[in-house]
Amino acid sequence: MASNQRQRYEPVSTSEPPSPPPVPVTLTISPPPDGAALYSPPPPYEPSTEQDTIADSDLPPSYDIAAKLPTYEEAERVKEQYTDLVERNALLIDGGIEVSLGNDWLFLICFIISFVFNWLGFFAAYCMTKTVAGRYGAISGFGLSVVKWVLILKNAASDEVIVIHSWIWWLFKYL
């Protein structure tokens, strides 16, 4: 009864028959016969010249080449060049060409000129300014003037013209 009190679980009865008791197994290892070709060592390694050249080209570059860092003087020169560009309100584009950025007012003036005077205003604003803001203002103003003219022509045209030349309207709509 004391052993039943120490037991924390209740034995479950099953309908399956009990399994047979385990049987001990003896394992023996025998060495292979002396003349067995199955266990012979591999042939000795002899490198060929073709493998040497291929292996040399597959190696990564040395640390001196892979981690080439600028000197202090080069880093200071790049930093000074960057601060000069910021002071002049300029930008370096591909090929090292320096272009002025411009400002918001120049963008707005070129936008209004190209919007009001259509393609003539676009050419005038685009060709007379050398700044990024002026040129993008001219492009966006011309784009909005094209949209304006498409809407004006579509609303002013009669239904017969729209049906006859419907492909033109779809072309203007998606341009």
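Rules and cut-offs
Residues numbered from 1 in each chain as written. Predicted model: local features only at pLDDT ≥ 70, side-chain atom pairs only at ≥ 80, totals over all residues. Heavy atoms only, no water. Patch = residues over 30% accessible without salt bridge, like charges linked within 9 Å, V, L, I, M, F, W, Y side chains within 5 Å. Areas by Shrake-Rupley, 256 points an atom, 1.4 Å probe, with all protein chains shown as cover. Salt bridge = Lys/Arg side-chain N within 4 Å of Asp/Glu carboxyl O. Lys, Arg positive; Asp, Glu negative; His and termini not counted. Charge placed at Lys NZ, Arg CZ, Asp CG, Glu CD. Helix = DSSP H or I, 4+ residues; strand = E, 2+ residues; numbered from the N terminus. Buried < 20%, exposed > 50% of the residue type's maximum accessible area, 1.4 Å probe, protein only. UniProt positions renumbered as here; feature names shortened; annotations may be inferred. Contact = heavy atoms within 4.5 Å. Pairing = 2+ DSSP bridges. Axes fitted to C-alpha atoms, helices over the stretch in contact; angles between N-to-C directions. Parallel < 35°, antiparallel > 145°, perpendicular 65-115°, else oblique. Nonpolar A, V, L, I, M, F, W, Y, C, P; charged D, E, K, R; others polar.

As for a negative patch on the surface
Moving on, step 1. The grouping of Glu-73, Glu-74, Glu-76, Glu-80, Asp-84 and Glu-87 at the surface amounts to a negative patch.
Moving on, step 2. For Glu-73, the location among the structural elements is in helix H4 (residues 72–88).
Moving on, step 3. A relative accessible area of 56% places Glu-73 in the exposed class.

Points about the UniProt feature "transmembrane region" (unreviewed entry) in the protein
Moving on, step 1. With numbering matched to this structure, UniProt assigns "transmembrane region" (unreviewed entry) to residues 105–126.
Moving on, step 2. Helix makes up 95% of residues 105–126 and strand 0%, and the two end C-alpha atoms of the span are 15 Å apart.

Topic: the side chain of Ser-145
Moving on, step 1. Within the secondary structure layout, Ser-145 lies in helix H7 (residues 132–156).
Moving on, step 2. Its relative accessible area of 1% is what places Ser-145 among the buried residues.
Moving on, step 3. Beyond its immediate sequence surroundings of up to four residues, Ser-145 is in contact with Ser-114, Phe-115 and Asn-118.

Comments concerning the pairing of strand S1 (residues 90–93)
Moving on, step 1. Summarising the sheet, S1 and strand S2 (residues 97–100) pair through four bridges and their orientation is antiparallel. Its bridge partner being in S2, Leu-91 is matched across the sheet by Val-99.
Moving on, step 2. With antiparallel pairing between neighbouring strands as the criterion, S1 and S2 make up a hairpin whose turn holds three residues, including Gly-95 at a positive phi of roughly 85°.

Description of the packing of helix H6 (residues 118–128) against H7
Moving on, step 1. Packing of H6 against H7 brings their axes to within 9 Å, and their N-to-C directions diverge by 175°. In terms of orientation, H6 lies roughly antiparallel with respect to H7. When H6 is examined against H7, the residues Asn-118, Trp-119, Phe-122, Ala-125 and Tyr-126 are found in contact with a partner set consisting of Arg-135, Ala-138, Ile-139, Phe-142, Ser-145, Lys-148 and Trp-149.
Moving on, step 2. Across the contact of H6 with H7, the residue classes tally to eight nonpolar, two polar and two charged.

A short note on a nonpolar patch on the surface
Moving on, step 1. Together, Trp-105, Leu-108, Ile-109, Ile-112, Ile-113, Val-116, Phe-117, Trp-119, Leu-120 and Phe-123 make up a nonpolar patch on the protein surface, roughly 1100 Å² of accessible area in all.
Moving on, step 2. Counting only elements with at least two residues in the nonpolar patch, the list comes to helix H5 (104–116) and H6.
Moving on, step 3. The greatest single-element share of the nonpolar patch, amounting to six residues, is contributed by H5.
Moving on, step 4. Tracing the chain through its elements places Leu-120 in helix H6.

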